Amino acid sequence: MIRNSTGGARDPRTRFRTRFALVVGAVGILATVGAVVLPSTASAASTLGASAAERGGRYFGTAVAASRLGDSAYTTILNREFNQVTPENEMKIDATEPQQGQFSYGNADRIVQHARSRGMQVRGHTLAWHSQQPGWMQNMSGSALRSAMLNHVTQVATHFRGQVAWWDVVNEAFADGSSGARRDSNLQRTGNDWIEAAFRAADAADPNAQLCYNDYNIDNWSDAKTQAVYRMVQDFRSRGVPIDCVGLQSHFTGGSNYPSNYRTTLSSFAALGVDVHITELDIRNAPSDAYRNVTNDCLAVSRCRGITVWGIRDSDSWRSGESPLLFNGSGQKKAAYDAVLTALNNGNPPGGNPTTPPGGNPTTPPPGGGGCTTSVTAGTVWGDRYNTSVTVSGASSWTVVVAVTSPQSISTTWSGSASLSSNNTVLTMRSNGSGNTFGFTTMMNGNSSARPQVRSCTAG
Ligand code: G3I
């Protein structure tokens, strides 16, 4: 986590803000020249990475295998299309510490060097995981394992300090299914606090890297696993555990499908004050509509910083039999590639004016808390403002607190007794006998992508 001089947490998106400022600055210069009229296609980027960069400084990346860096067909696509890479296996524990205390960085360093020399950002994957542990670690337990894990985190994060923009500090620590429990593993058995211990060690070793929790099957907002990870991130944020981001692997392969509430999941995590990343995307048979939906969902959530596909060609995929990627085995662009690039090129960068309602983007906290729950519905969107309605369940007398993101401000409310904070960003709405649905209008004031967050619902 990046910290300011007083030790407080600084907004982890500072690096993107800088880059975005350059883009805005360039636009400003064009506007000043005035006589320049761009045809609508003039800004259509021709590669995934370039187009993503134009969408608020996002990235479009891929997993990379060191063993393929000698394949010129592979590197031609890599170097042309992508501006972010994640080593597929080369930074994992078995690769970087094959014998306890003996570190091996050759293949990972090759990927990092390849990427950074071409201006691509690197995601480190992964520091602490129950899988792909070297034999010596698999056989450890208790305090010895805890110490070994923390030493591994410290050594590896220190080695790559300044080279890795984001770390998947902990990978796949929650169980599948309906339990919402942690996954059983030798690491989990060292104590429930092993995840936050890993984050603190990574933060100490590389204070400038963005620290992420990464998992699969946390795409559907209704799933118990998604809710469990959400509660952990919420808890970490409330207690100051240094977490900056959540990675949704989004393997829509092996029977897992793109869920229609994916955007709600992204925006709900983002509402906790963390960035979200789509870290290992692949989709069985690469349907264009699902790839397009994922891309549009990321673009609709300003804290969604980018998308990484889990391999370049179908033949490079860990699930090559499902042909889930954007390029076929011959390196040719598939229909899904065109769908993604078009979606990126059509996307609205922050500050733009959406012309279609962002359906599903408003966020609702998980059920429970103050004796009532809320359901948020996106209403009409105009060029400068948009409507939102909130329906309360579980109580007939209630108080709901909703916040919008400055510079947005609430201008009008209805069907409740309202009081607004001095800058009109926080609405406290009380039931007034007119029913359980109230609404309000938000002025965008230059921020067209943020959407309201319900902070609390209190019965009585
Ligand atoms: O490199 C050896 C090779 O020398 C040996 O001959 C061969 C025979 O088994 O194995 C090769 O290693 C394989 C390695 O991939 C490189 O191809 C491993 O067996 C194989 O287990 C490993 O699979 C990787 C898998 O993680 C392991 O869990 C996949 O490549 C990799 O795509 C996959 O990535 C994971 C993410 O890290 C986390 N999320 C899920 C994702 C998919 O499982």
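Residue numbers run consecutively from 1 along every chain, following the written order of its sequence. Given that this is a predicted model, residues contribute local features only at a pLDDT of at least 70 and side-chain atom pairs are listed and counted only at 80 or more, while totals for whole chains, interfaces and linings are drawn from all residues. Think of the side-chain values as coming from all heavy atoms in the structure, minus any hydrogens and water.

Asker: Requested: an account of the site of the ligand, with residues and values cited.
Answerer: Around the ligand sit 13 residues in total, of which Glu88, Lys92, His125, Glu172 and Glu280 are the nearest. As used in this structure description, the phrase polar contact means that two N or O atoms lie within 3.5 Å; if the pair is within protein, one of them must be able to donate a hydrogen and the other to accept it, and residues adjacent in sequence are counted only when both atoms belong to side chains. A distance of 2.4 Å separates an oxygen atom of the ligand from a polar atom in the side chain of Glu88. Within the side chain of His125, one N or O atom sits 2.7 Å away from an oxygen atom of the ligand. Contact with the protein chains covers 44% of the free accessible surface of the ligand, which is 780 Å². The near set for a molecule or strand comprises every residue that places at least one heavy atom within 4 Å of it. Only the protein chains shown count as cover for residues, with accessible areas throughout obtained via the Shrake-Rupley method and a probe of 1.4 Å.

Asker: An account of the nonpolar core is needed here, citing residue identities and associated values.
Answerer: We define a nonpolar core as any set of buried Ala, Val, Leu, Ile, Met, Phe, Trp, Tyr and Cys residues linked to one another through side-chain atoms lying within 4.5 Å. Remark: exposure states derive from per-residue accessible area (1.4 Å probe, protein chains only) relative to the maximum for the residue type, with buried under 20%, exposed over 50%, and partly exposed in between. Formed by 92 residues in total, the largest nonpolar core has its most connected members in Phe60, Trp167, Val170, Phe199, Tyr291 and Leu326. One finds Val392, Val404, Leu427 and Val454 within the second-largest nonpolar core, a separate group that totals 16 residues.

Asker: Got a sec to walk through unusual backbone geometry? Specific residues and values, please.
Answerer: With an omega of 0°, the peptide bond between His125 and Thr126 qualifies as cis. Secondary structure elements follow DSSP: runs of H or I of four or more residues count as helices, runs of E of two or more count as strands, with numbering from the N terminus. Mapped onto the secondary structure, Thr126 falls in strand β3 (residues 121–129). At Gln132, a position not held by glycine, the phi torsion is positive, near 50°. Within the element layout of this structure, Gln132 appears in the loop between β3 and α6 (135–138). Its relative accessible area of 27% is what places Gln132 among the partly exposed residues.

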